[in-house]
Amino acid sequence: AQSVTQPDIHITVSEGASLELRCNYSYGATPYLFWYVQSPGQGLQLLLKYFSGDTLVQGIKGFEAEFKRSQSSFNLRKPSVHWSDAAEYFCAIQGSTNAGKSTFGDGTTLTVKP
Amino acid sequence: GAGVSQSPRYKVAKRGQDVALRCDPISGHVSLFWYQQALGQGPEFLTYFQNEAQLDKSGLPSDRFFAERPEGSVSTLKIQRTQQEDSAVYLCASSFLGNTIYFGEGSWLTVV
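In this report, the structure presented in the accompanying data block is examined. Since this is a predicted model, take the numbers as computed values, not measurements. (Residues numbered from 1 in each chain as written. Chains lettered and ligands numbered in written order. Predicted model: local features only at pLDDT ≥ 70, side-chain atom pairs only at ≥ 80, totals over all residues. Heavy atoms only, no water.)

## Here's the deal with the environment of Ser26(A)
All names here are of chain A. Tracing the sequence through the fold places Ser26 in strand β4 (residues 24-26). You can call Ser26 partly exposed: its relative accessible area is 36%. Considered as a pair, Ser26 and Leu76 are 50 residues apart in the sequence and their alpha carbons are 17 Å apart. Setting aside residues up to four positions removed in sequence, Ser26 forms contacts with Ala1, Gln2, Ser3 and Ile93. (Helix = DSSP H or I, 4+ residues; strand = E, 2+ residues; numbered from the N terminus. Buried < 20%, exposed > 50% of the residue type's maximum accessible area, 1.4 Å probe, protein only. Contact = heavy atoms within 4.5 Å.)

## A word on the layout of surface pockets
Approximately 390 Å³ is the volume found for the largest pocket. Among the elements that line the lining of the largest pocket, the one with the most residues is strand β11 (residues 107-111) of chain B, at three residues. Looking at the lining of the largest pocket residue by residue, the class counts come to ten nonpolar, ten polar and one charged. Approximately 170 Å³ is the volume attributed to the second largest pocket. Looking at the second largest pocket, the residues that line it are Tyr36(A), Leu44(A), Gln45(A), Leu46(A), Ala2(B), Gly3(B), Val4(B), Ile26(B), Ile101(B), Tyr102(B) and Phe103(B). (1 Å grid on protein atoms, 1.4 Å probe; cavity = no way out; pocket = protein on both sides within 12 Å on 5 of 7 lines; lining within 4 Å. Points joined across faces, edges and corners; volume = space filled by probe spheres on them. Nonpolar A, V, L, I, M, F, W, Y, C, P; charged D, E, K, R; others polar.)

## A short note on the pattern of salt bridges
Residue and element names in this part refer to chain B. Tallied over the entire structure, the rule returns nine salt bridges over all chains. Glu105 is the salt-bridge partner of Arg9, the closest N and O atoms lying 2.9 Å from each other. Taken together, the residues Arg9 in the loop between β1 (5-7) and β2 (10-13) and Glu105 in the loop between β10 (102-103) and β11 connect sequence positions 96 residues apart. Its salt-bridge partner being Arg22, residue Asp24 comes within 3.9 Å of it at the nearest N-O pair. Residue class for Asp24 comes out partly exposed when judged on its relative accessible area of 29%. (Salt bridge = Lys/Arg side-chain N within 4 Å of Asp/Glu carboxyl O.)

Put into structure tokens, the structure is as follows:
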């Protein structure tokens, strides 16, 4: 069975500080990997995805993520956080043969202090 | 349309009532997915359509849940005899046969 763990339920950072959100997964092979952001009352917006190739992936809104096979991790980073980044962030995986059928972590809520 | 559209956005149902949630996917998208998101949790897969064919319904929690997509476009998720544990956000997503799926804003169901 596949699973996703986001160890941090809640993270608080100051505006302008750097951010790293952790994601670990369990899967028998290398899955497809995704990060989504969800603002209150909204659906999920795709930030970035990794299918293959370069393990450092750039996304929208200045986010990036790095796939580390040896650690089964796909951590999300941003060098300088803006107040508008406050939201909930979800990591998700898909098996390569299960197009669109994703397994999500339980999310990390990001609070940004002024 | 420009994005995945879901209706109603908010629904309050009395326990035992039947509800129907509608999803209008992005035009031309072949694949359609339903997910359930309980409060404080990540979305969980319910079911998947490719065109009008329901290829995977392994995530439907009970036989009270039923989904259809009769013409390969709009889909309806029906929940019969709602119970309090059905309270959640129901997210619809679509894609054009690929692995990147696009989510709607969800239908928030509260069962009282």
